[in-house]
Amino acid sequence: MRYWLLLLTILATAARADDARPFNPADYPPGVQKALHYANEECESQDGGAVTFAPDTVRKLDLTGDGRDDYIVDFRDTKCGERETTYCGTGGCVMTILVTLPDGSIRPVFDGYVRSYTIVAPPVKRGAARTIRFDLHGSYCGGFGAQACVKEKAITARPFAFKQP
């Protein structure tokens, strides 16, 4: 019986993998499409060719705690033609966070370079904003590039940026 369940699980997983669709910017609201359009503009300005988005370029989740979908657009694995580093540098890769407002419009609240990020465990309080831990270029903490610099920010509808001291 266990082998039968294992076989069914493997077949179901394989079927889902076959159904995976390629990344399509049109699957997202206009505000997210606008953020994705940046990749095309940047690639075109560098005569780089076609833009290829990774399947996980956009994450959709409620960051503000209001029950509406918000979005993280991470260009880490986006390619400009054959170039893999068009959207990344020593400070990390371009990342945009967009939140959905009560009227349904989408507002960018962060746009900058991030080495990596972690969404902190959901708050215990229902409806509270999620916190993101950002790994940034060392200069944002008064150091230099290779030094660790971690900052946390609760995501709300208010735009924010990290400043170098």
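Computed from a predicted structure; not experimentally measured.

Cut-off values and rules
Residues numbered from 1 in each chain as written. Predicted model: local features only at pLDDT ≥ 70, side-chain atom pairs only at ≥ 80, totals over all residues. Heavy atoms only, no water. Salt bridge = Lys/Arg side-chain N within 4 Å of Asp/Glu carboxyl O. Buried < 20%, exposed > 50% of the residue type's maximum accessible area, 1.4 Å probe, protein only. 1 Å grid on protein atoms, 1.4 Å probe; cavity = no way out; pocket = protein on both sides within 12 Å on 5 of 7 lines; lining within 4 Å. Points joined across faces, edges and corners; volume = space filled by probe spheres on them. Helix = DSSP H or I, 4+ residues; strand = E, 2+ residues; numbered from the N terminus. Nonpolar A, V, L, I, M, F, W, Y, C, P; charged D, E, K, R; others polar. Contact = heavy atoms within 4.5 Å.

Regarding the pattern of salt bridges
Logical step 1: The full count for this structure, using the stated rule, is four salt bridges.
Logical step 2: A salt bridge links Asp 66 to Arg 68, with the nearest nitrogen and oxygen atoms 3.3 Å apart.
Logical step 3: Close ionic contact of Asp 74 with Arg 76 constitutes a salt bridge, the shortest N to O distance being 3.7 Å.
Logical step 4: Judged by relative accessible area, which is 28%, Arg 76 ranks as partly exposed.

Some points on the layout of surface pockets
Logical step 1: Approximately 210 Å³ is the volume found for the largest pocket.
Logical step 2: As for the largest pocket, its lining consists of Gly 31, Lys 34, Ala 35, Tyr 38, Phe 75, Val 94, Thr 96, Leu 98, Ile 106, Pro 108 and Asp 111.
Logical step 3: Of all the secondary-structure elements, those providing two or more residues to the lining of the largest pocket are helix H2 (30-45), strand E6 (92-100) and strand E7 (106-114).
Logical step 4: In terms of residue count, H2 provides more of the lining of the largest pocket than any other element does, four residues in total.
Logical step 5: Partitioning the lining of the largest pocket into residue classes produces seven nonpolar, two polar and two charged.

Digging into the environment of Gly 112
Logical step 1: By the element assignment, Gly 112 lies in strand E7.
Logical step 2: Remark: the alpha-carbon pair of Gly 112 and Met 95, spanning 17 residues in sequence, is separated by 5.6 Å.
Logical step 3: Sequence-distant contacts of Gly 112, that is, excluding residues within four places in its chain, are made with Cys 93, Val 94 and Met 95.

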